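Observations on the model geometry
Chain residues, written in single-letter form:
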Amino acid sequence: MKNKQRTDTLVIGFALFSMFFGAGNVIFPPYLGLQAGPQWLIAFASYFIMDIGLAMVGVLAVVKCSTAEELLKPLGKVVAVVFFSVLTLCLGPMFAVPRTAATTYEMGIKDTPIDIGPTWFAVIFFVIVFLLSIKESAVVDIVGKILTPILLVGLVILIVKGLVSPLGEIAEEPQVDNIVSYGVESGYQAMDAMGSLLLTLVIVSSAMQKGYTDEKSRSKVVAAAALIAGGIMFLVYLGLTYLGATVSDIYDLGTTRVNLVINIVHGLLGGGGRVIIAIVIAMACLTTAIALISSASTFFASLIKKKGSYEVLVTVFCLFSCFISTMGVESILNFAAPILGIIYPPVLTLIIMGFLPRSDKTAMATRFAFVGALAASIIETAGVKITLIPAFAGMGINWVIPALVLGIIGACIPINKNSI
């Protein structure tokens, strides 16, 4: 039994890593290393904490509360369902999933001898996503046992080559001031913590299907899997940030993130490097798309409660994502940025509040803190800056003070027993 639990934990951990590790995670760390130069370790630490650190905290918050629905319960049933539905659509077929296909095309296929346009590529991409997502119980095994090893092999080849034969010397001075702020801001903008609420649905469901039906054993397996995923990401991000630092004396900040990665890969692996990076990007985006489509379909199927609804939703979401992906990465990012910017602060607030003991008092505090974070994010997205603490403004976390103040007010309001 212990051997089975170890194997299951490892597979789920591998799957969770690859679900979080999208194309953005390939291009952010090297550019951070380029910016930081000799301070690349500091930049890496601040980025990791605000990106995967928060994402793993999100997973553990969901595990502690048993389900994402329970985490959102203090908001009230209607508000919780509406908010989580919006979050699921944004992280699923509206923005994140279409971006995976568009990114794979632009970084791995475009400007290569492969003669295929973005529309036909999107069709092929989502046919694969559909085939690998349609069987709900198999998603984690497919991702954890098959796709993740391919992704890791490509990354290991790239990072090891960069460690053995660095492309250059690390610059003597960083190219930007306040490295910590840049790392925090980059990690925050990756918004992986938002995805943790949705992706944990698939992980918890997989654990239950593998026989971990009681809360204690399920929590133990999922928490251990989260630590495995976090550990792998720690090593991968560390390596990619170092690769960026090794070219900090060669390239300046005028180099785009995508071109920096392509140049590093070409310098380390030659012409064949384009094939390797294409495989890495394809695997990273494919695993993320499968996880998000499956998660979104699982959630809405649980609302519909009709037999066969999961398969229908997978089909609809794949078709819709395919259509949106033809807009291209920049158009999708520009459209998604303000909406995700509004949603992210209240999500982080819910994650943090989820670790508090469950009671009527904390439920009221959660509601007020949620409103504070949401109001602040809406106001800032509308163009009105809330600069209560200058350091927070530089890191994009101005919403923290309003959420904290309203949360304290909510906790102080007298309530009757069972009023929440």
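Here, every reference points to the structure presented above.
Here is a short report on the structure shown in this document.

Calculation criteria
Residues numbered from 1 in each chain as written. Predicted model: local features only at pLDDT ≥ 70, side-chain atom pairs only at ≥ 80, totals over all residues. Heavy atoms only, no water. Axes fitted to C-alpha atoms, helices over the stretch in contact; angles between N-to-C directions. Helix = DSSP H or I, 4+ residues; strand = E, 2+ residues; numbered from the N terminus. Parallel < 35°, antiparallel > 145°, perpendicular 65-115°, else oblique. Left-handed = near helix turned anticlockwise from the far one by under 90°. Contact = heavy atoms within 4.5 Å. Nonpolar A, V, L, I, M, F, W, Y, C, P; charged D, E, K, R; others polar. Patch = residues over 30% accessible without salt bridge, like charges linked within 9 Å, V, L, I, M, F, W, Y side chains within 5 Å. Areas by Shrake-Rupley, 256 points an atom, 1.4 Å probe, with all protein chains shown as cover. Salt bridge = Lys/Arg side-chain N within 4 Å of Asp/Glu carboxyl O. Lys, Arg positive; Asp, Glu negative; His and termini not counted. Charge placed at Lys NZ, Arg CZ, Asp CG, Glu CD. Buried < 20%, exposed > 50% of the residue type's maximum accessible area, 1.4 Å probe, protein only. 1 Å grid on protein atoms, 1.4 Å probe; cavity = no way out; pocket = protein on both sides within 12 Å on 5 of 7 lines; lining within 4 Å. Points joined across faces, edges and corners; volume = space filled by probe spheres on them.

1. A closer look at the packing of helix 13 (residues 273-304) against helix 14 (residues 309-325)
Packing of helix 13 against helix 14 brings their axes to within 9 Å, and their N-to-C directions diverge by 135°. The angle between helix 13 and helix 14 places the two elements in the oblique class. The handedness of the crossing between helix 13 and helix 14 is right-handed. Residues Ile-293, Ser-294, Ala-296, Ser-297, Thr-298, Phe-300, Ala-301 and Ile-304 of helix 13 form the contact with helix 14, whose own contacting residues are Ser-309, Tyr-310, Leu-313, Val-314, Phe-317, Cys-318 and Ser-321. Grouping the amino acids of the contact of helix 13 with helix 14 by side-chain chemistry returns 10 nonpolar, five polar and no charged.

2. Quick look at a positive patch on the surface
Positive charge collects at one region of the surface, where Lys-2, Arg-6, Lys-216 and Lys-220 lie side by side. At the level of secondary structure, the elements contributing two or more residues to the positive patch comprise helix 1 (2-20) and helix 11 (215-245). Position of Arg-6 relative to the elements: it lies in helix 1. Look at Arg-6 and you get exposed, because its relative accessible area is 54%.

3. Thoughts on the side chain of Thr-241
Relative to the helices and strands, Thr-241 is located in helix 11. What makes Thr-241 buried here is its relative accessible area of 0%. Residues in contact with Thr-241, not counting those within four places in the same chain, are Pro-29, Pro-30, Gly-33, Trp-40 and Phe-44.

4. Quick notes on a nonpolar patch on the surface
Taken together, the side chains of Trp-120, Val-123, Val-127 and Leu-131 make up a nonpolar region of the molecular surface, amounting to roughly 420 Å² of accessible area. Looking at the element boundaries, Trp-120 is found in helix 7 (residues 118-133). For Trp-120, a relative accessible area of 62% corresponds to the exposed category.

5. A word on the layout of surface pockets
Vacant regions in the atomic arrangement are exposed by a probe of water-molecule size rolled over the atoms. Taken as a whole, the second largest pocket holds about 300 Å³ of empty space. When residues of the lining of the second largest pocket are traced back to their parent elements, those giving at least two are helix 4 (68-72), helix 5 (77-94) and helix 13. Take the lining of the second largest pocket: its biggest share by element is four residues, from helix 5. Tallied by class, residues from the lining of the second largest pocket come to seven nonpolar, two polar and four charged.

6. Describing the packing of helix 3 (residues 40-64) against helix 15 (residues 329-353)
It is at 9 Å that the axes of helix 3 and helix 15 come closest, and there the two elements cross at 55°. Comparing their axes, helix 15 and helix 3 come out oblique. The element helix 3 and its partner helix 15 pack so that their crossing is left-handed. Judged by residue contacts, Leu-54, Val-57, Gly-58 and Ala-61 of helix 3 engage Tyr-344, Leu-348 and Ile-351 from helix 15.

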